Amino acid sequence: MLKLLIVDDEQIERDGLQVILQKAFPQLEIYQARNGKIAVQVAAEVKPDLVMMDIQMPGMNGLEAIQQITSTNPFIKFVMITAFDMFNYARQAIKLGVKDYLLKPSRISEIEETVGKILMEITEEQRSLKVLESTLPLVETDVVTQLLFDHVHDVHLDMLVDMLDISSTHEPFVMSILLPQSGENLYSLIKEKVRKSASGWVGALYGRQLPIIVFRKPDCSFRSQAISLAKDILSLKKVSSNDEWFVGIGNVCDSLDQVRQSYQESLIATMDSSLPVKYRFYHDVPVLGGTENKLQSKQREKQFLDEIRLGKWDEVLKKIMDLIQRCENEGTDLLQTQQRVLELLWVAARVMSEMGVETETPFFSYQSQDYRQLRSESDHLLKQMRTSYGEHYEQLEADTIHQIKQYIVKHSHEDISLETLGRKVGLSPIYISKMFKEKLGINYIDFLTECRIEKAKKLMADPEKSLKEITFEVGYHEPNYFSKVFKKMVALSPTEYRRTVLGKKG
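Residues numbered from 1 in each chain as written. Predicted model: local features only at pLDDT ≥ 70, side-chain atom pairs only at ≥ 80, totals over all residues. Heavy atoms only, no water.

The name that an unreviewed UniProt entry assigns to the chain is Response regulator, with the source organism given as Fictibacillus nanhaiensis.

Some remarks on the overall build of the chain
Quick reminder of the rule: Each helix corresponds to a stretch of at least 4 residues labelled H or I by DSSP, and each strand to a stretch of at least 2 residues labelled E; elements are numbered beginning at the N terminus. Contacts are assigned to residue pairs with any non-hydrogen atoms lying within 4.5 Å of each other. Using the Shrake-Rupley algorithm and a 1.4 Å probe, accessible areas are obtained, with residue cover drawn only from the displayed protein chains.
On a plain count of helices and strands, the chain comes out with 21 helices and ten strands. For the chain, long-range pairs separated by at least 24 residues make up 69% of all intrachain contacts whose partners lie at least 6 apart in sequence. About 25,100 Å² of surface is accessible on the chain, with carbon and sulfur atoms providing 51% of the total.

Focus on the sheet that holds strand β9 (residues 246-249)
Rules: When DSSP locates at least two bridges between a pair of strands, those strands are taken to pair. Angles here are taken between N-to-C directions and fall from 0 to 180 degrees, while the axes themselves are lines fitted to C-alpha atoms, restricted in helices to the stretch in contact.
Spatially, β7-β8-β6-β9-β10 is the arrangement adopted by the five strands of the open sheet, whose pairing is mixed. The sheet is open, and its two borders are formed by β7 (200-202) and β10 (279-281), each paired with just one other strand. Sheet twist, expressed as the mean angle between neighbouring strand axes with direction ignored, is 20°. Sheet analysis places strand β6 (residues 172-178) next to strand β8 (residues 209-215), joined by seven bridges and oriented antiparallel.

Some words on the packing of helix α15 (residues 400-410) against helix α18 (residues 444-460)
Worth spelling out the cut-off: Roughly parallel means an angle under 35 degrees; roughly antiparallel means over 145; roughly perpendicular covers 65 to 115; every other angle is labelled oblique. For any pair of crossing helices, the crossing counts as left-handed if the nearer helix is rotated counterclockwise from the farther one by less than a right angle, and right-handed if it is rotated clockwise. Throughout, the ten residues Ala, Val, Leu, Ile, Met, Phe, Trp, Tyr, Cys and Pro are labelled nonpolar, Asp, Glu, Lys and Arg are labelled charged, and all others, Gly among them, are labelled polar.
Two elements in contact, α15 and α18, have axes whose closest approach is 9 Å; the angle formed by their N-to-C orientations is 40°. One finds that α15 runs oblique with respect to α18. Crossing of α15 against α18: the hand is right-handed. On α18, the residues that touch Lys405, Ile408 and Val409 of α15 are Phe447, Leu448 and Cys451. Across the contact of α15 with α18, the residue classes break down as five nonpolar, no polar and one charged.

Some thoughts on the packing of α15 against helix α16 (residues 418-425)
The geometry of α15 relative to α16 is characterised by a closest axis approach of 11 Å and an angle of 125° between their N-to-C directions. The angle between the axes of α15 and α16 places the two elements in the oblique class. Handedness of the crossing formed by α15 with α16: right-handed. Touching Thr400, Gln403, Ile404, Tyr407 and Ile408 of α15 are Thr420, Leu421, Lys424 and Val425, all from α16. Taken together, the residues of the contact of α15 with α16 break down into five nonpolar, three polar and one charged.

A closer look at the pattern of salt bridges
Note that side chains of opposite charge can pair when their charged atoms are close. Which entries qualify depends on this criterion: We define a salt bridge as a contact between a side-chain nitrogen of Lys or Arg and a carboxyl oxygen of Asp or Glu at a distance within 4 Å. The buried label applies to any residue whose accessible area, calculated with a 1.4 Å probe on protein chains only, is under 20% of its type's maximum; exposed applies above 50%, and partly exposed to all values in between.
Under the defined criterion, the tally for this structure stands at eleven salt bridges. Across the pair Asp232 and Lys193 runs a salt bridge whose closest N-O atoms are separated by 3.5 Å. Here Lys193 lies in helix α7 (residues 187-197) and Asp232 lies in helix α8 (residues 222-234), a separation of 39 residues in the sequence. A relative accessible area of 31% means that Asp232 is categorised as partly exposed.

Let's talk about the packing of aromatic side chains
Stated formally: Pairing of aromatic rings covers Phe, Tyr and the six-membered ring of Trp, with a centre-to-centre limit of 6.5 Å; geometry is then stacked below 30 degrees between planes, edge-to-face above 60, and tilted otherwise.
Within the structure shown, the criterion is met by eight aromatic pairs. Where Trp313 meets Tyr389, the ring centres are 5.6 Å apart and the plane angle is 75°; that geometry is what we call edge-to-face. Of the two residues, Trp313 is situated in helix α12 (residues 313-329) and Tyr389 in helix α14 (residues 371-395); the sequence distance between them amounts to 76 residues. Neither Trp313 nor Tyr389 differs from the other in exposure class; each is buried. Residues Phe486 and Tyr497 carry aromatic rings whose centres are separated by 5.5 Å and whose planes lie at 70° to one another, so their mutual orientation is edge-to-face.

Here we look at the pairing of strand β2 (residues 29-33)
Of the strand pairs in this sheet, strand β1 (residues 3-7) and β2 are connected by five bridges, and their pairing is parallel. Its bridge partner lying in β2, Leu5 is registered against Tyr31.

Points about the side chain of Ser412
Mapped onto the elements, Ser412 comes out in the loop between α15 and α16. We classify Ser412 as buried; its relative accessible area is 3%. Other than its neighbours up to four places away in sequence, Ser412 contacts Leu448, Cys451, Arg452, Val474 and Gly475.

Details of helix α10 (residues 259-269)
Within α10, nine of the eleven residues are buried, which leaves the element mostly enclosed by the surrounding structure. The set of residues buried in α10 consists of Val259, Ser262, Tyr263, Gln264, Glu265, Ser266, Leu267, Ile268 and Ala269.

This is how it looks when you write it as structure tokens:
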């Protein structure tokens, strides 16, 4: 039920308006206030959708009251009521976002028409908001996927982040949750835990791995916040009756632009999931060998993950062999070296799983007796992984990208996510994102936006269609969002572009 607040210092005016509006809109819940100060209090209590505000009142005038109300609730709409047709008041009211104004006295039909138009606009916005809320889980997983595995266009990232109900900060970090086998049923439980903490965005589940972008809270330290959330998530172990859980925690970054680095750190932190404490910070991962600088070692590990994703297998092999050689030169225990190599291969297998490449979990078939055997067995395991990677690419149908493009063009007016595309062609969302960018040189969100904007341009040639109708028809739920995207893409606002098109047509 919509709520309306009538503010006027004359009771006869308030009562008269209420009778007219209650008759025209019987479902409307109507409140009254006799001055600006009381209006601010009532608005804070009942949160009306629309306020009809008299301008000239003793004490706090209507413009001052509007300013105070919008400072705490910017979504309330206002109709200005005045006995004087004064330009200066109207100009100030427009600056404050007043939707319309009525002159005293007004005809009943004029009052009904003005209020009815705004109530219809409010109803449409609320309906759009409900649709938007239903798509937020997809928005959240898409934002995480794009940030960690691809590039998301600045205009889209800013707007997508604004849509989410968790405020981002300048200090994000990533936690990678390693779930037990067949842990898909735990996804919603973890998401609920993170949502209750009001501190992070949950990505999509790929195999056993679930990434979470967490934002550091100013009132507690990074470590205490991360440990608290990790323990909260690990408390779900009793639901699965399985001890295969592990949480890797990357370092804090300065911005979302650097969050992929924290993600790679969180992956490295999960390398040894056999530890008794089932979470580990990247900062606490020991460096193997005493002569290498810790920073150099960890930079090498992150580069190793990127090389897996890019399929640079010769470089991957060289990294593994260099590690083995360093350990041999430094007299590191052979069993410890073998374990370290195996951990790296496990991480490599996890990265491949993210990309949709199925490969068996690597294991050494026996304990190496010397470093020569370790090199030989490591080379053998890497060749198996390389073969799986190559076969996967070969099996992809040549027209997969064409299928995806055609689907996006045809369904651009719908809410299309990476998971939607993944189900359509039977591929991992991360892999689709990577393949789309590599093959076409454009992010899938940018391609979807181009399709929508091109469709909007064609629809604008029809003078019978309003910009609001076009907004919904091309797949956007919020006209302001559509306007910002359109101007970013076309360098003209929708109104300016339409004026140009219709002018040329004329």
